[in-house]
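Chain residues, written in single-letter form:
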Amino acid sequence: MSTQPVSDGLFARLRRGFAVLGFLYLGAVILLAVPWFQSHILYMNALKLPWNAHFDAPERHGLAPGKTANIKIQTADNHTLGAWFILSDTIYHNLSFPPPPSAAELHISEAVAQRPTVLFFHGNAATRALSMRVRLYSGFTSRLNANVLAIDYRGFGDSPGTPTEDGLSLDARAAWDWLIAQGASPQDILIVGHSLGTAVASRLSVGLSDDGVKFKGTVLMSPFSSLYTLVDTYNIFGVFPVMLPINMIPRAASESGKHHQTPTYPDFVRLEDIYKSFLVHKFDTLSVISKLKVPILILHAEDDWDISHTHSDALFDALLEPYLPSVYSPPTSQESWSTQQWNEYHAQLVARRERRESLLTRTVIPNFGLMDQFDGFGERITLLKTSTGSHNEVGTLEGVQEVIRVTFFTPEDLH
């Protein structure tokens, strides 16, 4: 009995299946070039997890009775943000138990005057009441003995409005200004961002540094270097590269240079570059991070399937770059270099590598991760890469919280 018809039928079904997947991918790519769809995919603020959150009853999401104040913060452009202010354990333990529901609100000024405060910016999707984020707050208030201010950006949680890159920046500055208005000292505020929140935290930190404000430092958890590079490296479900099908298409020649004195694109341009030109959001932390003049901790899990830990490497390298010797190469193509030119180029690479090794202090933490540090701008810059923690849970690891503690908090801060 012949199996040929069966094989033909199988291959036909496979071809149809791949064709359907191809059309779905093409449709998704086209939709993502539309700003409205871009914003919804980037922010995912319509995904308001947990559903039916009780922002005015934080206890129902795992926080201790009377420990958290549900507050409202006004931005410079007249948006109202929902936020939680959570007391440090030291302040909370001084209250009689159970405290009244308004206890946290009544002790905000005392808390910011006596304890450091973590200003936390969460990632995309969900709200400040998400259980993973609540676990972060609990770690900060206990292991760091710090207060926490966690906001929901405009369009997230119970904060009305539509998120934009500039809008999130205004939200972050409003949260900072609120803390200062309550009596917090800038030197007692640690700015922490996770995922999308790292771009928000970086922009706020750079703005403060530009204004000459000295604060405790900045922590970037699971950051991306820029939205452009994130598109290059992002994998759906951690497996399928988003840009792979586009990158498989050979480069196309642009005719624009032949008809215009100033071409819109180079004569040879990748379709990927054309596609990325439609991105309306930048979130380019890589281009601004070197302006920070405070202690910085960049941390990433090596098993992060959402954002590759190579983004943290790029940010750390950008901070290290000003302290490394430049490498100059002859203007001609490498094929025409002389032996002397090759030797000089190799010597520059060796000098650069040796300088890098002399600047860095590497600490291997068994069964946990690897930590590189150097002193830049008179401040300590740290890169921590953990072996576990994935994208969302890395900040909840006790080891990570210990690194934050020893990096930013003095014994006086903790007692």
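Residues numbered from 1 in each chain as written. Predicted model: local features only at pLDDT ≥ 70, side-chain atom pairs only at ≥ 80, totals over all residues. Heavy atoms only, no water.

Side note on the sheet that holds strand 2 (residues 80-86)
Pairing within the open sheet is mixed, and its 10 strands lie in the order 1-2-4-3-5-6-11-14-13-12. Taken across any chain shown, the strands that pair with only one partner, and hence form the sheet edges, are strand 1 (68-74) and strand 12 (361-365). Between one strand axis and the next, the sheet turns by 20° as a mean value, whatever way the strands run. Where strand 11 (residues 296-301) and strand 14 (residues 379-386) come together, 6 bridges link them in parallel fashion. Residue pairing in the sheet places Leu299 in a bridge with Leu384 of strand 14. (Pairing = 2+ DSSP bridges. Helix = DSSP H or I, 4+ residues; strand = E, 2+ residues; numbered from the N terminus. Axes fitted to C-alpha atoms, helices over the stretch in contact; angles between N-to-C directions.)

What to know about the side chain of Ser226
The residue Ser226 is located in the loop between strand 6 (217-221) and helix 9 (227-233) in this model. Residues within four places of Ser226 in sequence aside, it is in contact with Lys282, Phe283 and Asp284. (Contact = heavy atoms within 4.5 Å.)

Overview of the pattern of salt bridges
This structure, assessed with the given rule, holds 19 salt bridges. Arg362 is the partner of Asp372 in a salt bridge, and the nearest nitrogen-oxygen pair spans 2.7 Å. In this pair, Asp372 sits in strand 13 (residues 369-376) while Arg362 sits in strand 12, placing the two residues 10 residues apart along the sequence. Since its relative accessible area comes to 6%, Asp372 is described here as buried. Taken together, the salt bridges that share partners define one network made up of Lys72, Arg128, Asp152 and Asp158. (Salt bridge = Lys/Arg side-chain N within 4 Å of Asp/Glu carboxyl O. Buried < 20%, exposed > 50% of the residue type's maximum accessible area, 1.4 Å probe, protein only.)

Section: the environment of Pro58
One can find Pro58 in the loop between helix 2 (35-43) and strand 1. By relative accessible area, Pro58 is classed as buried at 3%. Setting aside residues up to four positions removed in sequence, Pro58 forms contacts with Leu63, Thr68 and Trp84.

Regarding the pairing of strand 3 (residues 117-121)
Of all 5 residues that make up strand 3, 5 are buried, and the element is covered over most of its length. A two-sided burial pattern is seen for strand 3, the buried positions comprising Thr117, Leu119 and Phe121 on one face and Val118 and Phe120 on the other. The pairing of strand 3 with strand 4 (residues 147-151) spans 4 bridges and is classified as parallel. If you follow Leu119 over to strand 4, its bridge partner there is Leu149. For the handedness criterion, the β-α-β arrangement of strand 3, helix 6 (residues 131-143) and strand 4 is classed as right-handed. The sheet contact formed by strand 3 and strand 5 (residues 189-194) spans 5 bridges and is parallel. Paired with Phe120 across the bridge in strand 5 is Val192. (Right-handed = clockwise from strand over helix to strand, strands pointing away.)

So, the packing of aromatic side chains
All chains considered together, the criterion is met by 13 aromatic pairs. Consider the rings of Phe120 and Tyr137, whose centres lie 6.0 Å apart with planes at 75°: the pair is edge-to-face. In this pair, Phe120 sits in strand 3 while Tyr137 sits in helix 6, placing the two residues 17 residues apart along the sequence. In this structure Phe120 comes out as buried when scored by relative accessible area, which is 1%. A connected cluster of aromatic rings, assembled from ring pairs, spans Phe55, Trp84, Phe120, Tyr137 and Phe140. (Phe/Tyr/Trp six-rings, centres within 6.5 Å; stacked < 30°, edge-to-face > 60°.)

Overview of the pairing of strand 4
Along any regular strand the residues' side chains alternate between the sheet's two faces. Most of strand 4 is tucked away: 5 of the 5 residues are buried. Side chains Asn147, Leu149 and Ile151 of strand 4 all project onto a buried face; the interleaved residues Val148 and Ala150 project onto the opposite face, where all are buried too. Relative to strand 4, strand 2 runs antiparallel, the two sharing 4 bridges. Its bridge partner being in strand 4, Phe85 is matched across the sheet by Leu149.

Notes on the confidence of the model for the chain
Residues of the chain with pLDDT of at least 70 account for 82%, and the chain-wide mean is 87. The model gives residues 252-269 a pLDDT under 50, and that stretch makes 18 contacts with residues more than four places away or in other chains. (pLDDT = per-residue confidence, 0-100.)

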